[in-house]
Amino acid sequence: MKITANQFETGEWMPDSFSGYGENKSPEIIIEGLPKETVSIAITMDDLDHPIKPGFNHWIAWNIEPVCRIPGNLPKGAMIDEPIYAEQGLGYGRHCYKGPKPPFKRIHRYVITVYALDKKLRLGKNSRKKDLIKAIENHVLDESEIIGKYQRGRG
């Protein structure tokens, strides 16, 4: 399985529109080679360079139908129906995508990971990444990631 984002290549700059300084839009994610047995998809996005909590979670979503394209700019909410169905837990303390917002014009890397799962998940709406990771244990058919970097005023 391979994931890409139309708006940036892995290792490249994420646009300002994806950031907390911009429009806070989630990126469109293209999925190639999704396993046929996939029942649901989960997503995480983490800040690899957070100075206090490396791996600080910015977004978690799960129970997305097996699709080849996850639209960008997903709405806020613990459960959304449009443009796709998804359940969103507490990433960055909110039920939504929260984009890069590093202080002091420092460069941070953000990893978006997509998991193909063999089941739908039963998680509470206030679940965090640690809950998601525990729930998907032994249920990951495949996973892929893309890393974008962000610096205020650069993307």
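Everything that follows concerns the structure shown earlier in this document.
Residues numbered from 1 in each chain as written. Predicted model: local features only at pLDDT ≥ 70, side-chain atom pairs only at ≥ 80, totals over all residues. Heavy atoms only, no water.

1. Concerning the packing of aromatic side chains
Here is step 1 of the chain: Taken as a whole and judged by the stated rule, the model has 3 aromatic pairs.
Here is step 2 of the chain: Between F56 and Y92, the ring centres sit 5.4 Å apart and the planes meet at 75°, which makes this aromatic pair edge-to-face. In this pair, F56 sits in strand β4 (residues 56-64) while Y92 sits in the loop between β7 (86-88) and β8 (108-117), placing the two residues 36 residues apart along the sequence.
Here is step 3 of the chain: Owing to a relative accessible area of 32%, Y92 belongs among the partly exposed residues under this scheme. (Phe/Tyr/Trp six-rings, centres within 6.5 Å; stacked < 30°, edge-to-face > 60°. Helix = DSSP H or I, 4+ residues; strand = E, 2+ residues; numbered from the N terminus. Buried < 20%, exposed > 50% of the residue type's maximum accessible area, 1.4 Å probe, protein only.)

2. Examining the pairing of β8
Here is step 1 of the chain: Of all 10 residues in β8, 9 are buried; the element is thus mostly enclosed.
Here is step 2 of the chain: Here strand β3 (residues 40-47) runs beside β8; their pairing, made up of 8 bridges, is antiparallel. For I41, the partnering residue across the bridge sits in β8 and is A116.
Here is step 3 of the chain: In terms of strand pairing, β8 meets strand β9 (residues 140-150) through 10 bridges, oriented antiparallel. Across the sheet, residue L117 finds its bridge partner in β9, namely V140. (Pairing = 2+ DSSP bridges.)

3. Points about the pattern of salt bridges
Here is step 1 of the chain: Under the defined criterion, the tally for this structure stands at 5 salt bridges.
Here is step 2 of the chain: Its salt-bridge partner being D46, residue K129 comes within 2.6 Å of it at the nearest N-O pair. Of this pair, K129 sits in helix α1 (residues 129-136) while D46 sits in strand β3, and the two are 83 residues apart along the sequence.
Here is step 3 of the chain: With relative accessibility at 25%, the residue K129 sits in the partly exposed group. (Salt bridge = Lys/Arg side-chain N within 4 Å of Asp/Glu carboxyl O.)

4. Here's the deal with the nonpolar core
Here is step 1 of the chain: Membership of the largest hydrophobic core comes to 26 residues, with the highest contact counts inside it found for I29, I31, I41, I43, W59, I64 and I70.
Here is step 2 of the chain: Where this core is concerned, the elements lending two or more residues are β1 (2-5), β2 (29-32), β3, β4, β8 and β9.
Here is step 3 of the chain: Sort the elements by how many residues they give to this core and β8 lands first, with 4 residues.
Here is step 4 of the chain: Residue contacts for I31: discarding those within four places in its chain leaves M1, K2, I3, I41, V67, C68, I70 and V114.
Here is step 5 of the chain: In this structure, A42, L123, L132 and I136 belong to the second largest nonpolar core, which totals 9 residues. (Core = buried A, V, L, I, M, F, W, Y, C linked by side-chain atoms within 4.5 Å. Contact = heavy atoms within 4.5 Å.)

5. Some points on the sheet that holds β1
Here is step 1 of the chain: Strand order in the open sheet made by the 3 strands is β1-β2-β5, with antiparallel pairing throughout. Bordering the open sheet on either side are β1 and β5 (69-70), each of which pairs with just one other strand.
Here is step 2 of the chain: Pairing of β1 with β2, which is carried by 4 bridges, proceeds in the antiparallel orientation. Looking at the pairing, T4 lines up with I30 of β2.

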